[in-house]
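Architecture at a glance
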Amino acid sequence: MTEKACARQAFDHWDEDGDGRITAADYRARAHRVIDAFSADPQSDRARAVTEAYMRLWERMAAALDVDKDGEISFAEYLNWFHGHTKRNGDFEEALVPALRTAFTLADADRDGRLDQEEFLRLTIAASGSDRDRAEQAFPQIDTDGDGWVVFDEYIDAIRSFVVEGEGAGKLLVGSGAKSS
Ligand SMILES: [Ca+2]
Ligand SMILES: [Ca+2]
Ligand SMILES: [Ca+2]
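Residues numbered from 1 in each chain as written. Chains lettered and ligands numbered in written order. Predicted model: local features only at pLDDT ≥ 70, side-chain atom pairs only at ≥ 80, totals over all residues.

**Regarding helix H6 (residues 117–128)**
For H6, which comprises 12 residues, the first-to-last C-alpha distance of 15 Å matches the rise-based estimate of 16 Å (1.5 Å per residue) to within 8%. Taken together, the buried positions of H6 are occupied by Glu119, Phe120, Leu121, Leu123, Thr124, Ala126, Ala127 and Ser128. Looking one or two residues beyond H6, the residue adopting positive phi is Gly129, at roughly 65°. (Helix = DSSP H or I, 4+ residues; strand = E, 2+ residues; numbered from the N terminus. Expected span 1.5 Å × (residues − 1). Buried ≥ 20, exposed ≤ 12 C-beta atoms within 10 Å, placed from the backbone.)

Structure, rendered in structure tokens:
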């Protein structure tokens, strides 16, 4: 995949309402989709942690990417940033991991720190815009030790390998055509 195609895929992944701009509304909608997927009370601590983490992620992304400060990240702005930052793990770690952690925590209904396949499917469909077939394909690849459970580290490793390198099982989660819109 070319760098531009990779950037487009990632951009579309975050442009939740598909209007060609990434805004605070897209991040809020993404957080709400995750909360809805687990029928969580939006006022519960775990649900509010998801919304807050996604809004912090938005603020961080906007500060770095919204160069003309119009409150929106255009694809041109995204692409500029993408050129310089895709190979740097630190940005990924700092920005995205806390949001994914709150989503994972919400998905982990019995709080044992791991997701069974059904919990994993619901999380990835909501948080990554993946469809069910792709998420089912991804599960055995992400469950790298094959114990039938996905722990947070396995989940993050897969997403990271895609975000940073454009490869791996994370591609199945964020891959093109994953969204119906
Ligand atoms: Ca949008
Ligand atoms: Ca802008
Ligand atoms: Ca496992």
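**What about unusual backbone geometry?**
Unlike most non-glycine residues, Lys69 shows phi in positive territory, near 55°. Structurally, the position occupied by Lys69 is in the loop between helix H3 (45–65) and helix H4 (75–85). The class of Lys69 is exposed, set by 8 C-beta atoms lying within 10 Å. The phi angle at Arg111 is positive, at roughly 55°, despite the residue not being glycine.

**Some remarks on the UniProt feature "domain: EF-hand" (unreviewed entry) in the protein chain**
The residues that UniProt annotates with the feature "domain: EF-hand" (unreviewed entry) are residues 2–37, 53–88 and 130–165. Taken end to end, residues 2–37 has its terminal C-alpha atoms 33 Å apart, with 72% of it in helix and 0% in strand. (UniProt positions renumbered as here; feature names shortened; annotations may be inferred.)

**A closer look at the packing of helix H2 (residues 24–37) against H6**
Between H2 and H6, whose axes approach to 8 Å, the crossing angle comes to 160°. Taken together, the axes of H2 and H6 lie roughly antiparallel to each other. Here H2 and H6 pass one another in a crossing that is right-handed. Residue-level inspection shows Arg33, Val34 and Ala37 of H2 in contact with H6, the latter providing Arg122, Ile125, Ala126 and Ala127. When its residues are assigned to classes, the contact of H2 with H6 shows 5 nonpolar, no polar and 2 charged. (Axes fitted to C-alpha atoms, helices over the stretch in contact; angles between N-to-C directions. Parallel < 35°, antiparallel > 145°, perpendicular 65-115°, else oblique. Left-handed = near helix turned anticlockwise from the far one by under 90°. Contact = placed C-beta atoms within 7 Å. Nonpolar A, V, L, I, M, F, W, Y, C, P; charged D, E, K, R; others polar.)

**Looking at the nonpolar core**
Ranked by size, the top nonpolar core spans 35 residues in total, and within it Val34, Val50, Tyr54, Leu57, Ala103, Leu106 and Leu123 carry the most contacts. Among the elements of the structure, H2, H3, helix H5 (89–107), H6, helix H7 (132–142) and helix H8 (152–165) are those that each provide at least two residues to this core. Broken down by element, the residue count for this core peaks at 7 residues, all from H3. Apart from the residues within four sequence positions on either side, Val34 is in contact with Val50, Ala103, Leu106, Ala126 and Ala127. (Core = buried A, V, L, I, M, F, W, Y, C linked by C-beta atoms within 7 Å.)

**Describing the packing of H2 against H3**
Orientation of H2 relative to H3, taken along the N-to-C sense of each, is 155°, at an axis distance of 9 Å. Classified by the interaxial angle, the pair formed by H2 and H3 is roughly antiparallel. Helix-helix and strand crossings are classified by hand; for H2 and H3 the assignment is right-handed. For the pair H2 and H3, contact is made by Ala24, Tyr27, Arg28, Arg30, Ala31, Val34 and Ile35 and by Ala47, Val50, Thr51, Tyr54, Met55, Leu57 and Trp58, respectively. Partitioned by chemical class, the residues of the contact of H2 with H3 number 11 nonpolar, 1 polar and 2 charged.

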